[in-house]
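# Breakdown of the fold
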Amino acid sequence: MLLKFSGIKQIYDLKLVHTRSLEVLKCMCKHIATLDYKESEASLLFDALFQAISNGMEEFVVAVFKARPHIVNLMDTYSRTALMCAVECRQEKIFSFFCSVDSLKHCFHRQDKRDNNCLHIAGMLAPDSQLTRISGAALQMQRELQWFEEVQSIVPEWCKKSKNKDGETPSDVFTKSHKELAKQGEKWMKATASSSSVVGSLIITIMFAAIFTVPGGNNQDTGFPIFLGKKSFMVFLISDAISLFTASISVLMFLGILTSRYAEKNFHKSLPQKLILGLSTLFISIATMMVTFSSALINMLQGRWSVILPIILLAALPVTLFMWLQFPLLVEIFISTYRPGILDKTKKL
């Protein structure tokens, strides 16, 4: 019961199924190696291969390819190769595997029934099943740009200017198919920047006022703050200044997002980097604002910890709530922007 409740039993069952599936796959591949073309087609091997590519089942694709290396030259009903299918379905692991095999480089020269080459396929919109895994239309647009540029860096030079039967280059296909996604990305960016800039503006107002209304007041003779010599007061001043400056930077970044040109290329680096800096500085600003509040409380209540500690714990709630709501988004944007390329260059057959 303990193993079941903790989830260990479920993990064990999944691993057991996976291990046994691989054993079955090995037996299948031994039989596949003995089949000719007609027998392979009759056994629905080709359909299974393309379905495995669509679902990102790398182990199946690699095992079948090792058993029948020439199978990569197969085409689906649209005359698209397995490599094109991997690009169309945005399966980076399978795409990296195909690119690691030198004998498959010729597949980049292939075209389908509509004269679309591999770069045309990369310019088409990804399936919904892949897009929905990424939160936010702007990050979806960024991922699509990363895919297009990765494939563009690999294909032969003629593919970049080649036109399909509709007279469209790969760049034309990308712009046309991603027009609606770019509009959604613009709305998502502006909505995020608008709501966050309101929070930043409120923090600037509060922190600017707090620095001139110091706890304990000022000495009537000298004009200096009464608690100037205390460490807790210095913490108050420093944290207030940090909160004010980081909130100002945050608002400026969000203002930059609102006034940016939402061209396709801006979704790749420019806009995500501004959003990362804006959210990061906003988080620091909220955290230091709570430190400012706590240090002011310590100065005013003079060691009454039975009152101070519960209030400080409550003051930590806004920071925790913001982390819970926004920090996963910040991490996702950071990873999506600064992660290595789509192609895993360490992958070898």
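Where an unreviewed UniProt entry is consulted, the protein chain appears under the name PGG domain-containing protein, with the organism given as Rubroshorea leprosula.

As a further point, take the packing of aromatic side chains. A full pass over the atoms with the stated rule returns 7 aromatic pairs. Between Phe-65 and Phe-97 the ring centres are 5.5 Å apart and the planes differ by 85°, which places this aromatic pair in the edge-to-face class. Placement of Phe-65 in helix α5 (residues 58-67) and of Phe-97 in helix α7 (residues 92-100) is noted, with a sequence separation of 32 residues between them. Exposure class is identical for Phe-65 and Phe-97. Each is buried. Here the aromatic cluster, defined as three or more aromatic residues joined through ring pairs, consists of Phe-65, Phe-97 and Phe-98. The side chain of Arg-80 reaches across the aromatic face of Tyr-78, ending 5.4 Å from its centre.

So, on to the nonpolar core. Inside soluble globular proteins, nonpolar side chains tend to come together where they are buried. Membership of the largest hydrophobic core comes to 77 residues, with the highest contact counts inside it found for Ile-53, Phe-95, Phe-98, Val-151, Ile-257 and Phe-267. Sequence-distant contacts of Phe-267, defined by excluding residues within four places in its chain, comprise Ala-138, Met-141, Gln-142, Leu-145, Ala-182, Gly-185, Glu-186, Tyr-262 and Pro-272.

As a further point, take the side chain of Arg-143. Relative to the helices and strands, Arg-143 is located in helix α10 (residues 137-152). A polar contact of 3.2 Å, which involves the side chain of Arg-143, links it to the side chain of Gln-146. Setting aside residues up to four positions removed in sequence, Arg-143 forms contacts with Glu-92, Ile-134, Arg-339 and Ile-342.

Definitions and limits used
Residues numbered from 1 in each chain as written. Predicted model: local features only at pLDDT ≥ 70, side-chain atom pairs only at ≥ 80, totals over all residues. Heavy atoms only, no water. Phe/Tyr/Trp six-rings, centres within 6.5 Å; stacked < 30°, edge-to-face > 60°. Helix = DSSP H or I, 4+ residues; strand = E, 2+ residues; numbered from the N terminus. Buried < 20%, exposed > 50% of the residue type's maximum accessible area, 1.4 Å probe, protein only. Lys NZ or Arg CZ within 6 Å of the ring centre and 35° of its normal. Core = buried A, V, L, I, M, F, W, Y, C linked by side-chain atoms within 4.5 Å. Contact = heavy atoms within 4.5 Å. Polar contact = N/O pair within 3.5 Å; in protein donor to acceptor, adjacent residues only side chain to side chain.

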